[in-house]
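# Observations on chain architecture
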Amino acid sequence: MKSLFNTEAHEEIIARIHQLSESSERQWGKMEVGQMLHHCQFPLKISLKRHKSDGNANFMLKLVGKFFKKSLYDDKPWRQGLPTAKGLKVVEDKNFAEEKDILLGLVNDFHNEKDKKEWDPHPVFGSFTPQQWGQMQYKHLDHHLRQFNV
């Protein structure tokens, strides 16, 4: 499984993000490209402690999270059209260039944490090893970049 902590995978994700344009069309789902770029920032911000969360994920979300957790860092691609958690949906219009720049910065910041040994638990999924954090971030970005055919 690729990891965003791996230099080659990091460079691949950066190159794929650069392939996007304002006119990139989704292959599935409802988000436009700017909205997707904004959505992809949430998991990175959570891991970097830059996302304000009330810390109280509801019981059902945590229960579903237990069953979904392993799929966050295995080799099997996620299927198209998976539902998005309510708090991570992006419905308002977003500026493509701004969102792209922010996402690129977060991807780089996350990659630069590759030697970090201790990570706070995820608010829904709980504890991850550093390896699982890197794999999860790669997999989420890969899923949405495939959504826009890059």
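Structural data are supplied above this passage.
In short, a report on the structure. All values reported here derive from a predicted model rather than from experimental measurement.

So, how was this worked out
Residues numbered from 1 in each chain as written. Predicted model: local features only at pLDDT ≥ 70, side-chain atom pairs only at ≥ 80, totals over all residues. Heavy atoms only, no water. Helix = DSSP H or I, 4+ residues; strand = E, 2+ residues; numbered from the N terminus. Buried < 20%, exposed > 50% of the residue type's maximum accessible area, 1.4 Å probe, protein only. Expected span 1.5 Å × (residues − 1). Axes fitted to C-alpha atoms, helices over the stretch in contact; angles between N-to-C directions. Parallel < 35°, antiparallel > 145°, perpendicular 65-115°, else oblique. Contact = heavy atoms within 4.5 Å. Nonpolar A, V, L, I, M, F, W, Y, C, P; charged D, E, K, R; others polar. Phe/Tyr/Trp six-rings, centres within 6.5 Å; stacked < 30°, edge-to-face > 60°. Lys NZ or Arg CZ within 6 Å of the ring centre and 35° of its normal. Salt bridge = Lys/Arg side-chain N within 4 Å of Asp/Glu carboxyl O. Left-handed = near helix turned anticlockwise from the far one by under 90°.

### A look at the side chain of Arg 16
Relative to the assigned elements, Arg 16 resides in helix H1 (residues 7-19). Arg 16 sits in the buried class, given a relative accessible area of 10%.

### Observations concerning helix H6 (residues 130-147)
For H6, spanning 18 residues, the distance from its first C-alpha to its last is 26 Å, which sits close to the expected 26 Å at 1.5 Å a residue. Once H6 ends, the next one or two residues include Asn 149, with phi positive near 60°.

### So, the packing of H1 against helix H5 (residues 96-111)
Two numbers describe how H1 lies on H5: the axes approach to 11 Å, and their chain directions differ by 180°. Taken together, the axes of H1 and H5 lie roughly antiparallel to each other. Seen from H1, the contacting residues are Thr 7, His 10, Ile 13, Ile 14, Ile 17 and His 18; seen from H5, they are Lys 100, Leu 103, Leu 104, Val 107, Asn 108 and His 111. Its residues assigned to classes, the contact of H1 with H5 shows six nonpolar, five polar and one charged.

### Some points on the packing of aromatic side chains
Counted according to the given criterion, the structure contains six aromatic pairs. With centroids separated by 5.1 Å and ring planes inclined at 65°, the aromatic side chains of Phe 128 and Trp 133 adopt a geometry described as edge-to-face. Using a relative accessible area of 1% as the deciding quantity, one classes Trp 133 as buried. The residue whose ring lies beneath Lys 116 is Trp 119, and the NZ or CZ to ring-centre distance is 4.2 Å.

### Some words on unusual backbone geometry
Located in the positive-phi region is Lys 49, a residue other than glycine, with phi close to 60°. As for its position among the elements, Lys 49 is in the loop between helix H3 (41-47) and helix H4 (59-68). Even without being glycine, Asn 149 reaches a positive phi, approximately 60°. Within the fold, Asn 149 resides in the segment after H6.

### Overview of the pattern of salt bridges
Applying the stated rule across the entire model yields eight salt bridges. Here Glu 32 ties to Arg 26 by a salt bridge, and the two come within 2.7 Å at their closest N and O atoms. Looking at Arg 26, the relative accessible area reads 33%, which means it is partly exposed.

### Brief notes about the environment of Tyr 138
In this fold, Tyr 138 is placed in helix H6. Here Tyr 138 falls in the buried class, since its relative accessible area comes to 6%. Put simply, Tyr 138 and Ser 3 are 135 residues apart on the chain and 5.4 Å apart in space, counted from C-alpha to C-alpha. Aside from chain neighbours lying at most four places away, what touches Tyr 138 is Met 1, Lys 2, Ser 3, Leu 4, Ala 9, Glu 12, Ile 13 and Arg 16.

### As for the packing of H1 against H6
One way to put it is that H1 packs onto H6 with a least axis distance of 11 Å and a crossing angle of 30°. Considered as vectors, H1 and H6 are oriented roughly parallel to each other. As for how H1 packs across H6, the hand of that crossing is left-handed. Counted together, Ala 9, Glu 12, Ile 13, Arg 16 and Ile 17 of H1 and Tyr 138, Leu 141, Asp 142, Leu 145 and Arg 146 of H6 form the full contact between these two elements. The class makeup of the residues in the contact of H1 with H6 is six nonpolar, no polar and four charged.

All we've got here are geometric facts, nothing functional implied.
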